[in-house]
8 protein chains.
Amino acid sequence: MDQASLRTLLEAVASGQLSATEALRRLRDLPFEDLGHTKVDHHRALRTGFPEVVFSPGKTSEQICEILASLHAQAPVVIATRADRELYEAVCRQVPEAEYRDPARIIWVGQPVPAPGQVAVVSAGTSDLPVAEEAAVTAEATGITVHRVYDVGVAGLHRLLNYLEVLRDSAAIVVVAGMEGALASVVGGLVDTPVIGVPTSIGYGASFHGLAALLGMLNSCATGVAVVNIDNGFGAGYFAALLAARQTRS
Amino acid sequence: MDQASLRTLLEAVASGQLSATEALRRLRDLPFEDLGHTKVDHHRALRTGFPEVVFSPGKTSEQICEILASLHAQAPVVIATRADRELYEAVCRQVPEAEYRDPARIIWVGQPVPAPGQVAVVSAGTSDLPVAEEAAVTAEATGITVHRVYDVGVAGLHRLLNYLEVLRDSAAIVVVAGMEGALASVVGGLVDTPVIGVPTSIGYGASFHGLAALLGMLNSCATGVAVVNIDNGFGAGYFAALLAARQTRS
Amino acid sequence: MDQASLRTLLEAVASGQLSATEALRRLRDLPFEDLGHTKVDHHRALRTGFPEVVFSPGKTSEQICEILASLHAQAPVVIATRADRELYEAVCRQVPEAEYRDPARIIWVGQPVPAPGQVAVVSAGTSDLPVAEEAAVTAEATGITVHRVYDVGVAGLHRLLNYLEVLRDSAAIVVVAGMEGALASVVGGLVDTPVIGVPTSIGYGASFHGLAALLGMLNSCATGVAVVNIDNGFGAGYFAALLAARQTRS
Amino acid sequence: MDQASLRTLLEAVASGQLSATEALRRLRDLPFEDLGHTKVDHHRALRTGFPEVVFSPGKTSEQICEILASLHAQAPVVIATRADRELYEAVCRQVPEAEYRDPARIIWVGQPVPAPGQVAVVSAGTSDLPVAEEAAVTAEATGITVHRVYDVGVAGLHRLLNYLEVLRDSAAIVVVAGMEGALASVVGGLVDTPVIGVPTSIGYGASFHGLAALLGMLNSCATGVAVVNIDNGFGAGYFAALLAARQTRS
Amino acid sequence: MDQASLRTLLEAVASGQLSATEALRRLRDLPFEDLGHTKVDHHRALRTGFPEVVFSPGKTSEQICEILASLHAQAPVVIATRADRELYEAVCRQVPEAEYRDPARIIWVGQPVPAPGQVAVVSAGTSDLPVAEEAAVTAEATGITVHRVYDVGVAGLHRLLNYLEVLRDSAAIVVVAGMEGALASVVGGLVDTPVIGVPTSIGYGASFHGLAALLGMLNSCATGVAVVNIDNGFGAGYFAALLAARQTRS
Amino acid sequence: MDQASLRTLLEAVASGQLSATEALRRLRDLPFEDLGHTKVDHHRALRTGFPEVVFSPGKTSEQICEILASLHAQAPVVIATRADRELYEAVCRQVPEAEYRDPARIIWVGQPVPAPGQVAVVSAGTSDLPVAEEAAVTAEATGITVHRVYDVGVAGLHRLLNYLEVLRDSAAIVVVAGMEGALASVVGGLVDTPVIGVPTSIGYGASFHGLAALLGMLNSCATGVAVVNIDNGFGAGYFAALLAARQTRS
Amino acid sequence: MDQASLRTLLEAVASGQLSATEALRRLRDLPFEDLGHTKVDHHRALRTGFPEVVFSPGKTSEQICEILASLHAQAPVVIATRADRELYEAVCRQVPEAEYRDPARIIWVGQPVPAPGQVAVVSAGTSDLPVAEEAAVTAEATGITVHRVYDVGVAGLHRLLNYLEVLRDSAAIVVVAGMEGALASVVGGLVDTPVIGVPTSIGYGASFHGLAALLGMLNSCATGVAVVNIDNGFGAGYFAALLAARQTRS
Amino acid sequence: MDQASLRTLLEAVASGQLSATEALRRLRDLPFEDLGHTKVDHHRALRTGFPEVVFSPGKTSEQICEILASLHAQAPVVIATRADRELYEAVCRQVPEAEYRDPARIIWVGQPVPAPGQVAVVSAGTSDLPVAEEAAVTAEATGITVHRVYDVGVAGLHRLLNYLEVLRDSAAIVVVAGMEGALASVVGGLVDTPVIGVPTSIGYGASFHGLAALLGMLNSCATGVAVVNIDNGFGAGYFAALLAARQTRS
């Protein structure tokens, strides 16, 4: 609630159009809509086609069905992340239109409103696929176009070079890599496009569950690289879609 | 070097316009310009007004003067980061037009080409200032407008709320915080603008030289937050300016 | 055993009321009751209504039944923490009046003596519930009133604000948070009430099993925040109840 | 600003007593006073005698003098923590009544309003003194009584036992320990009083700058123990004073 | 092989009693008996009654049976540590006289030669029992007397005090503790007897699989405390028995 | 593609032997063969007898069968590492000539071309065997001779000494050790042969999943020791075989 | 104070030989003498010739002089550890008989009572000398004989072997090593004597200030090895002297 | 001492040429020459031209001069690593022919015997120079040829490609990198030559003093990469020279 709206509200009270009680009720709810909570997201969802998102772990299938139904009334697409197939099957009984995006581990309900803009998701190895797909499917849920450039680790750098045009034309590039945290630096050095690195917990030994990839990405010498949490495909896909939406919006 | 240029080159050889020897020389140099190295940066600098940047540690003042001079021929602004005042004074004797941006610890040569777009730099406490200023001055060197929103930690949250409009109108927000890593989450929850978190090494005890702030930012529940290395004000300022340039470019 | 009691004892020996042998026996046992061991807890339990507590892991169901029975003779409530349902069912066969508090993972025997005072338990997400409930049920076992304010992470901050009165009127607030360790700082900044933070091991990637939340809470800039071990709902609930008991006692 | 005040404000607008513009100005400032920022602290300071506190690192002596002067107009005592003697001497030139509390590293201005209640500060070794004194002086600045029980490590446990009465009669006990993190557990096991542990960075080798003491205190088996950041004497002293104030207030 | 034996050997060659070839064979094998390998252990076992020990993990039951049989020919007792019951049952089919020491997880074959000397094993909680028993059974296998002083954590310190005489009369005290790493310091402060601390991986949260207890024990301020690896009950039991054997030997 | 080949290619275009289009196609593929990707490996495999290697985790048995078949057409031996027996059995149905090398966890197809040169693989304990065998089988797949020197920990040093000749005659020594990270230093001190250390995740407690062994090997005072990732038997075997191939090649 | 003494005391009260007041005074002091505090050390010092020890850091030279004087009245030798030369010179002005043991960084006052028994101190490199000497001088202060076996790292193992007899005849061996944590294992494998490992913070890179050596020693496969804190030469020397005293005492 | 020498010795005893006493003396010394100590290094140095090396830290300039003089009698080159200029100047007064290799921090005495073979030293940034030079100068001291390929980080990859021939023709490549740990992977992917990675402690923030680079190199997906300790330029240079010596020797 910006100051203009506040002034309008207060003038409505001053003019008698609005009772103090009703204004009080609105003030209790509204000011906090400026603080970034759910309702604001609602409005944004309706306006921009951005999906509502449910983080599944720790919720029962009943809770998830209820939330999906409630949110789907307001957003074209609703997704539930970190969902295993068992959860999907339980959800499916009550929300038959739900789809399961494997290996992204995402339950998907609805049809996105196509939006301009594109992002690329680059991944190093076969085992990084679930995280890469979580990023890709999340971005797709906003209606934008997603280019997948998979399996382009150090040993396949030439294939990456074949995609230079796609990388340059994207609003953002999500780079998903576990053992080869170096990939984010390399992509960041190749093109002028913002890179969002996602270290993955794939690897063994001194990869320490993604710590090596995380540190590697954070210490990247290439400019134009920022990083999200280990395995946080969702966060990276969302961040990339946000950049795409803002570029095409302006 | 894209495929179109390659074809042109080869056709020039085929038609006899270019000797094999000369084509060989060009191929040895050019293909790697696709790989993100200095020369490409040159072109980008000339085209976009983005500054050339020198990382000072480990270089002598002679080396830095030489690099600054060489680069300044091609870019409107050249900056040297992580420079202490002593280094500046040594540089100043040979490059009298050099300025010292304190407390950003940046040596600055030249005049940026004004560019559309704006970013915000938000910081928590007085002691985060050097890193915040490194981000702000870096972004300013690209010619865009930078809004500084400083000293808005948990205890000054209301002042942050006074800047909501500025935050919303920015292409990106850099959030610099040491002890209060939470600030990136809070800003990320307030507005729809991409947030780049910079954990700082300020703090004591279990802050572990920025590790606590880094982990806090990475685990942020707010979407739209990505992170750069501890104390990497330059990287965050550059990333933010990149977003501003791309939004206004499209 | 304070010095007054010691003098009394010695005078009883001097006057012949007490044999040296009997005094010796008392001295062997008693002085250490000052050192904070079980018997003192017994007395405290009888006097204050505080529950006896059994930490279940590593104990057989037989041992737990025996301890529960023995303790219940002296305390109105006895609880066994970190108990899974299987253990509960084994206990139930011998102690039929035992109840299972799910998802707190607490076996509960008895009826607390109602006590004045109240505390609040605040939690961020659905997945922090078991730890939050461990804190809440532990505090309830002392007979005080517990207000649960759940699911108020960054995205639901406005709901937290609806509970300001409850938070202010509590003797202490337990804040349970995993991915959002920032919540303890935020609550600590909102009210003047002592906050006990409980980092949880919920989260993934760089949450490092609660380490990120722990460090975040320890580095909180808000004053009036102290922290217990990761996932230690019991310790926080006990500490909060202790504050409530002392406030109302004085 | 609670709902009652809000209603009063709105009714003043509705009745014409207050213009919408003025109400707007108040609403912009006031609602956030509920969020725990400085102004609220002002009021609390005036009401409760709690001191205003400045964290010195990263501030110039000019800034500190200005803040001290401004705050001292509203609070009986103002303190600046983590101040070295050099800073004190600079401050002293402009604020002659400033005192230096050594080894607490605190600059102190003013005279506290005596308040009921007492806390104890217990420390293990000579080298933990600066942190212990930071806690003690902070608590004293609120006007309450502070009992110092120093140099009572494992090798001096008997002296600790001589202070059992003091420990029991305190509203809270701050336990400051570096190499001997165990001391918090031991004190927590001796008495029924809430214990706030402050691990210190004193020690060498595998103390890892306070990490060993921190982990030891967090894993304490004694109930009634909570922990603040390594070396955070201020936070512990404040927390303890808060408990004392609340006990005597009720 | 000491110098005396070497001289004897060389003199046998010089006198022709031994061929150079045979001496060569002996020298290839023998000199390394000075380096602490198995054969020397054989001799020591025969001489001192110390057991032969097999570390089970990674070995098949066939291998273990073979080793047990081979070793038992030379040592009165042979034990296999870290053995689960399943392994024991497989071993039992081929070595029927094998016994299973639960919860020490030790397979035991033979009858120790009673030896003078005694050690104490002290443990904090029920869950530390397997490690404590591993220490105790290992020491018993050398024929000495082992006093178990279990369940004497902070909350049961008075019971520990009842055993002061036993602790003083022991050649060494093994202290096994997970959450209460402080116990080693406390015991080390009580008596003049060498203490060998065994941190255990019991605990949760910030115990970090025994790291907290390990660091706590290493930073113990009590003199006369040394530490072995987390959960290394065997190593501590062996070290303690070694001290007992050496004290009584001299 | 070296400069000579490039010149040949360009001269073929200049002379009209090759169309610009065809040259373009070749340049798109070939230049990157200099960057170390698969195709170059093909050529190397054909030329040197080095095996093609598939890292199994994260790949389906169908994918692995396809890759094995495709690669086996070009290389005498193809191996798939980190394969469990279940995967082997699935592969076996489609590639009946596949063998399973247990405990190396390697699926092996083909017959290596015998090559001169030898390496040694030294391991400390029974439980290090899978990693040691991964190194040994990898090296064998290149056709060279591998000497296994197993079970030579500190307690069996004399057996190691019996193999001094083998160690000296090897082109490289792989030392595999978990709890005994010291073994790499010891071997490095014994002979003049390059040592490649492989820390393993075997061990417990403060071995921290191989970290202790890794750090121990990195801090080795013996010269001539380098280290690969924890449990990376493949990398060490490959590195050793590379040294053998280069020595015999020159 | 054992039970026999307690009975004697109580009987003295019962018989009127001792007033209740006097008994009270004794009981207040004495029982805690069983808890391991200073006074007990006094008695032990007088009886066994063990030195009184002052840990210098954090104490002023005045405090140290006072303590040295007070303690020297009761113990033949008093030492102050971790003392730099500057502190020594300050102390020397008031305690002229004080000596400085360099490089052990120990201030030494008095003359030890010669005692039977010997220990060995083994160190790896020149830079471990200060810690090794701290151990040696500490042990010497108890009057026993100390054999120094220095500079016997991996590269000087043969010199170590020349001292096998000395190592075997010692009651304990202190092994001090930084980069070569392996040395403790190697010595532990050579002889049957208890080994106390002291990891030092010497080294660089991945030695992580002694962590590598600490972990290496804890994971030693040799039995008969226990470890003290990084750089804790004093603790190791004391532990070793304790073993020597107990062996010769029995 | 190999078996042939042993047999010769024994036969000399058997034939009376050698007394048992003299043989005993030789056996005490000689067998351990097989264990990798100094004397063997002497012989190797004389034979192969490999330098004698002194690690300077912790040694006085007197000690270093003495060692240099003693060693130089037997080896063509002697170097002292980690020496600052001040140490060099002290040494220079006694050993005037000593040279100082800056920025390698190496004191160098003598003239290497030219040897066949070459290695390459590759480094990323200006600040990695001291470590890179330590590697290069160490290798040069063995008489082989060293190619320096400096300043070829991600931003200068094309320059690296200009050196492909040099890299391929080297017996080994040392890759020195701090912030860009990825460089070792990239070089390892480019050529078939063994790569020895040296992580450096250069960098800031989450580089954690070289830990990020170390982990990055260990997790390299490129085969043919092994790693030495952080900043251990000497170890890498020595390892590389060893490979060169062995290749050309065979």
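Before any of the text, the structure's been laid out above.
Residue positions are given per chain, counting from 1 as you read along its sequence in written order. Chains and ligands are labelled by the order in which they are written, letters from A for the one and numbers from 1 for the other. Side-chain atom pairs in this predicted model are given and counted only at pLDDT of 80 or more, local residue features only at pLDDT of at least 70, and totals for whole chains, interfaces and linings cover all residues. As a rule here, side-chain values come from all non-hydrogen atoms in the structure, and water together with hydrogens is ignored.

*Asks:* Teacher, can you tell me more about helix H4 (residues 61-72) of chain C here?
*Replies:* Side chains of residues three or four places apart in an α-helix project in the same direction, reflecting 3.6 residues per turn. Residues and elements named next belong to chain C. When the terminal C-alpha atoms of H4 are compared, their 16 Å separation across 12 residues agrees well with the 16 Å that a helix rising 1.5 Å per residue should span. With a 1.4 Å probe rolled over the protein chains alone, any residue whose accessible area is under 20% of its type maximum counts as buried; one over 50% counts as exposed, and the rest are partly exposed. Counting from the N terminus, the helices are DSSP H or I runs at least four residues long and the strands are E runs at least two residues long. Buried residues of H4: Ser61, Ile64, Cys65, Leu68 and Leu71, and no others. Down the axis of H4, the buried set is contained in an arc of 140 degrees. They therefore lie on one face. Working rule for helices: expected span equals 1.5 Å times residues minus one. Think of it as the arc spanned by the lines of direction from the helix axis to the C-beta atoms.

*Asks:* Is there a simple way to explain the sheet that holds strand S4 (residues 106-110) of chain A in this structure?
*Replies:* Whenever strands of a sheet pair, they do so through backbone hydrogen bonds, lying parallel or antiparallel. Residues and elements named next belong to chain A. Here a strand pair is declared whenever DSSP counts at least two bridges between the two strands. Across the sheet, four strands lie side by side as S1-S2-S4-S3; this open sheet has mixed pairing. Both edges of this open sheet fall to strand S1 (52-55) and strand S3 (99-101), since each of them pairs with a single strand only. Taken pair by pair, the neighbouring strands of this sheet meet at an average axis angle of 25 degrees, ignoring direction. Bridge count between strand S2 (residues 77-81) and S4: four bridges; the pairing is antiparallel. Think of each axis as a best-fit line through the C-alpha atoms, taken over the contacting stretch in the case of a helix, with angles from 0 to 180 degrees between the N-to-C directions.

*Asks:* What is the right way to look at the packing of aromatic side chains in this model?
*Replies:* Aromatic ring pairs are defined here through the distance separating the ring centres and the angle between the ring planes. Only Phe, Tyr and Trp rings take part, Trp by its six-membered ring, and two of them pair if their centres are within 6.5 Å. Stacked means planes under 30 degrees apart, edge-to-face means over 60, and tilted covers everything else. Scanning all chains against the criterion turns up 19 aromatic pairs over all chains. A ring pair is formed by D:Phe234 and D:Tyr238, whose centres lie 6.0 Å apart and whose planes are at 50 degrees; its orientation type is tilted. With D:Phe234 and D:Tyr238 both in helix H11 (residues 233-249) and four residues apart, the pair spans about one turn of that helix. Look at NZ for Lys and CZ for Arg. If either is within 6 Å of the ring centre and within 35 degrees of the ring normal, a charge sits over the ring. When the ring centre of C:Tyr204 is taken as reference, the NZ or CZ atom of A:Arg82 above it lies at 4.0 Å.

*Asks:* I keep staring at the sheet that holds strand S2 (residues 77-81) of chain B and nothing clicks. Help me out?
*Replies:* All names here are of chain B. Read from one edge to the other, the open sheet built from four strands follows the order S1-S2-S4-S3, with strand pairing classed as mixed. Where the open sheet ends on each side, the last strands, each with one partner, are strand S1 (52-55) and strand S3 (99-101). Across this sheet, the average inter-strand angle for adjacent strands is 25 degrees, counted without regard to direction. We call two residues contacting when some pair of their heavy atoms lies within 4.5 Å. Contacting S1, S2 and strand S4 (106-110), helix H4 (residues 61-72) runs over the sheet at an angle of about 155 degrees to S2. Together, S2, S3 and S4 form the strand contacts of helix H6 (residues 129-140), whose direction differs from that of S4 by roughly 10 degrees.

*Asks:* What is the right way to look at the side chain of D:Ser61 in this model?
*Replies:* Looking at the element boundaries, D:Ser61 is found in helix H4 (residues 61-72). Residue classification places D:Ser61 among the buried residues on the basis of a relative accessible area of 14%.

*Asks:* I would appreciate a short explanation of the packing of helix H4 (residues 61-72) of chain A against helix H5 (residues 85-94) of chain A in the present structure.
*Replies:* For any two helices packed against each other, the geometry comes down to the angle between their axes and how far apart the axes lie. Residues and elements named next belong to chain A. H5 packs onto H4 with a crossing angle of 50 degrees between their chain directions and a minimal axis gap of 9 Å. Considered as vectors, H4 and H5 are oriented oblique to each other. H5 is crossed by H4, and the crossing has right-handed handedness. Across from Ser61, Ile64, Cys65 and Leu68 in H4, the residues of H5 making contact are Leu87, Ala90, Val91 and Gln94. Three classes are used: nonpolar for Ala, Val, Leu, Ile, Met, Phe, Trp, Tyr, Cys and Pro, charged for Asp, Glu, Lys and Arg, and polar for all others, with Gly counted as polar. Of the residues that constitute the contact of H4 with H5, the class distribution is six nonpolar, two polar and no charged. Note on angle classes: values under 35 degrees are labelled roughly parallel, values over 145 roughly antiparallel, values of 65 to 115 roughly perpendicular, and the remainder oblique. Definitions for this section: a left-handed crossing has its near helix turned counterclockwise from the far helix by less than a right angle. A right-handed crossing has that turn clockwise.

*Asks:* What is the right way to look at the pattern of salt bridges in this model?
*Replies:* Opposite charge on two side chains allows them to pair when their charged atoms are near. Just to be clear on terms, a salt bridge is a Lys or Arg side-chain nitrogen sitting within 4 Å of an Asp or Glu carboxyl oxygen. Taken as a whole and assessed by the stated rule, the structure comprises 48 salt bridges over all chains. Its salt-bridge partner being D:Glu140, residue D:Arg148 comes within 2.8 Å of it at the nearest N-O pair. D:Arg148 sits in the partly exposed class, given a relative accessible area of 31%. Residue class for D:Glu140 comes out partly exposed when judged on its relative accessible area of 22%. A salt bridge links E:Glu99 to E:Arg101; the shortest N-O distance between them is 2.5 Å. You can call E:Glu99 partly exposed: its relative accessible area is 32%.

*Asks:* Just to check I follow, could you spell out the side chain of A:Asn229 for this structure?
*Replies:* With respect to the helices, strands and loops of the structure, A:Asn229 is situated in the loop between strand S9 (225-227) and helix H11 (233-249). Judged by its relative accessible area of 2%, A:Asn229 falls in the buried class. Polar contacts, as counted here, are pairs of nitrogen or oxygen atoms within 3.5 Å of one another; within protein the pair requires one atom able to donate a hydrogen and one able to accept it, and residues that are adjacent in sequence qualify only if both atoms are side-chain atoms. Engagement of the side chain of A:Asn229 in a polar contact is seen with the side chain of B:Asn219, the distance being 3.3 Å. Leaving out residues up to four positions away in the same chain, A:Asn229 has contacts with A:Val198, A:Pro199, B:Leu218, B:Asn219, C:Tyr204, C:Gly205, C:Ala206 and C:Ser207.

*Asks:* Help me understand H6(B), please; the structure alone is not making it clear to me.
*Replies:* Residue and element names in this part refer to chain B. Between the first and last C-alpha of H6 there are 16 Å, a value that for 12 residues agrees with the 16 Å anticipated at 1.5 Å per step. Summarising burial for H6: nine of the 12 residues are buried, a large majority. Residues of H6 that are buried: Val131, Ala132, Glu133, Glu134, Ala135, Ala136, Val137, Thr138 and Ala139.

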